[in-house]
Amino acid sequence: TGFDVDVARWIAASLGYDEDKIEFTAIPSANREQAIVNGDIDYYVGTYSITDKRKDQISFAGPYFVTGQGLLVAADNDTITGKDALTADDVVCSATGSTSIQRIKDETPAQTKEYDTYSTCVEELKNGQVDAVTTDEAILIGYAAQAPDELKVVGDVFSEERYGVGIAKGDTALQTFINTMFTDGGSTWQAIFDKNLGASGVKATQPKVDAAG
């Protein structure tokens, strides 16, 4: 369930596939390109940042959402107020192979921990085994909304993440189809956003898509 899952459903429905014809497969972040290259999946939707490095192996449709990297900490943590407050004593957790964990390594002195899923990082944060979780702020606000007494999002976003739909490299037909769907489907996009993320207090509008993905 969630925003990305509903975007995936929207694409499938637009292609003429009923709900019972969709097979959802969980792919660890580090394995996404290979799963697309191998043909294990037809397309990938899931907070997948569009980067030039990834475009070497696959193509993207979109973006369908633009956000920024943030930090989630314990509700009673008053020392980590943003990225620039991170020290060598802090342990920051994120998904293996994500752009978020690489940015922490490149731009802060903090230690890092990596897991296949963000939810594992959040559990470690609740248990006091890590000091912060980092990924795109829209995801973090969702976790904070589920446990406001335990978790909070701090500081300003410190990147621009543009979520795209990962597809096979050079599949211009599917790329054009999805981009046209996004361009023409503003009311559907807003309904999906409001249903899944509206309660978090995040305000967003649908971004314009890139003609070349």
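Refer to the structure above for everything that follows.
Conventions adopted
Residues numbered from 1 in each chain as written. Predicted model: local features only at pLDDT ≥ 70, side-chain atom pairs only at ≥ 80, totals over all residues. Heavy atoms only, no water. Helix = DSSP H or I, 4+ residues; strand = E, 2+ residues; numbered from the N terminus. Rg over C-alpha atoms; globule rule 2.2 N^0.38 Å. Buried < 20%, exposed > 50% of the residue type's maximum accessible area, 1.4 Å probe, protein only. Contact = heavy atoms within 4.5 Å. Areas by Shrake-Rupley, 256 points an atom, 1.4 Å probe, with all protein chains shown as cover. Salt bridge = Lys/Arg side-chain N within 4 Å of Asp/Glu carboxyl O. Axes fitted to C-alpha atoms, helices over the stretch in contact; angles between N-to-C directions. Parallel < 35°, antiparallel > 145°, perpendicular 65-115°, else oblique. Left-handed = near helix turned anticlockwise from the far one by under 90°. Right-handed = clockwise from strand over helix to strand, strands pointing away. Pairing = 2+ DSSP bridges.

Peer 1: Where do I start with the overall build of the protein in this structure?
Peer 2: Across its full length, the protein carries eight helices and seven strands. Computed over the C-alpha atoms, the radius of gyration of the protein is 17 Å, within 12% of the 17 Å expected from 2.2 N^0.38 for a compact globule of 213 residues. Projected onto the principal axes, the alpha-carbon positions of the protein cover approximately 50 × 35 × 30 Å. In the protein, which comprises 213 residues, the proportion classed as buried is 47%. The long-range fraction of contacts in the protein, counting pairs at least 24 apart against all pairs at least 6 apart in sequence, stands at 67%. When the accessible surface of the protein is summed, it comes to about 10,500 Å², and 46% of that surface belongs to carbon and sulfur atoms.

Peer 1: Sorry if this is basic, but what is going on with the pattern of salt bridges here?
Peer 2: For side chains of opposite charge, pairing can occur when their charged atoms come near one another. One pass over the structure, following the stated rule, counts 12 salt bridges. For Glu33, the salt bridge identified is with Arg54, shortest N-O distance 3.3 Å. Pair noted here: Glu33 is in helix α2 (residues 32-38) and Arg54 is in helix α3 (residues 52-55), with a separation of 21 residues, a long-range link. For the salt bridge of Asp210 with Arg162, the shortest nitrogen-to-oxygen distance reads 2.5 Å. Of the two residues, Asp210 sits in the segment after α8 (186-197) while Arg162 sits in strand β7 (residues 161-168), which places them 48 residues apart along the sequence. Several salt bridges converge on common partners, so that one network encompasses Asp6, Arg9, Glu19 and Lys195.

Peer 1: Help me understand the packing of helix α1 (residues 3-14) against helix α7 (residues 172-184) in this model?
Peer 2: Packed helices, taken two at a time, are described by their axes: the angle between them and the distance between them. At a closest axis distance of 11 Å, the pairing of α1 and α7 adopts a crossing angle of 110°. The angle between α1 and α7 falls in the class roughly perpendicular. Between α1 and α7 lies a crossing of right-handed hand. In this structure, α1 uses Val7, Trp10, Ile11 and Ser14 to contact α7, whose residues at the interface are Phe177, Ile178, Met181 and Phe182.

Peer 1: What's the story with the pairing of strand β3 (residues 91-95) in this structure? I'm lost.
Peer 2: In the case of a regular strand, side chains alternate between the two sheet surfaces. Burial analysis of β3 places five of its five residues in the buried class, the great majority of the element. Note that the unit made of β3, helix α4 (residues 99-107) and strand β4 (residues 111-115) has a crossover that is right-handed. Direction of pairing for β3 relative to strand β5 (residues 132-136): parallel, over a ladder of two bridges. Paired with Val92 across the strands is Ala132, a residue of β5.

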